[in-house]
Amino acid sequence: MSSTVLSQHRVEDIVAKASDSVIVCATLGGMTGSKYAPLIAPETILKDKFVCPFFSMPYGFEGEQKTKRTMNARMQLIHSLSPNLIHLRINFIECIALDNHCASK
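Residues numbered from 1 in each chain as written. Predicted model: local features only at pLDDT ≥ 70, side-chain atom pairs only at ≥ 80, totals over all residues. Heavy atoms only, no water.

**Notes on the pairing of strand 1 (residues 21-27)**
To be explicit about the condition: Only protein chains enter the accessibility calculation, which uses a 1.4 Å probe; a residue is then buried when its area is under 20% of its type maximum, exposed when over 50%, and partly exposed in between. The numbering of helices and of strands both runs from the N terminus, where a helix is a DSSP run of H or I of at least 4 residues and a strand a run of E of at least 2. A pair of strands is labelled paired if DSSP reports no fewer than 2 bridges between them. With the strands aimed away from the viewer, a crossover counts as right-handed if its path from the first strand over the helix to the second runs clockwise.
The alternating pattern of strand 1 places Val22, Val24 and Ala26 on a buried face and Ser21, Ile23, Cys25 and Thr27 on a face that is not buried. With seven bridges joining them, strand 1 and strand 2 (residues 50-56) adopt parallel strand pairing. Bridging from a neighbouring strand, cysteine 25 pairs with phenylalanine 54 of strand 2. Following the backbone out of strand 1, through helix 2 (residues 31-46) and into the adjacent parallel strand 2, one traces a crossover that is right-handed.

**Points about the nonpolar core**
Here is the rule: Think of a nonpolar core as a cluster: buried Ala, Val, Leu, Ile, Met, Phe, Trp, Tyr and Cys residues, connected wherever their side-chain atoms sit within 4.5 Å. We call two residues in contact whenever any of their non-hydrogen atoms come within 4.5 Å of each other.
Residues Val24, Leu28, Ala37, Ile40, Ala41, Val51 and Leu77 are the most contacted members of the largest nonpolar core, which totals 13 residues. Those elements giving two or more residues to this core turn out to be helix 1 (3-17), strand 1, helix 2 and helix 3 (64-104). Excluding residues that lie within four positions of it along the chain, leucine 28 makes contacts with Gly33, Ser34, Ala37, Phe55, Ser56, Met57, Pro58, Thr70, Ala73, Arg74 and Leu77.

These figures capture arrangement, not role.
As structure tokens, this is what we get:
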């Protein structure tokens, strides 16, 4: 079995054991945070759980390779969370519209 498949199974196992909310704290740029944070966030959403990511970025002097790895992981996190945030925003707007409609009656 490849390391990618093993990693995905580990992530699925961790998320399955988690509560209804998952906070992902990662230092991007290294091998661990840049690899697992983008795997955990979408898996959490697929399991219908709330995810809140916090991550730090490396300093510019740490090198081009680390910066590229960071930006790649950051974009993966952003793309995996976008549908979730859009859905929450739509629900929020619908609640406001419903409250305004009810208040006008």
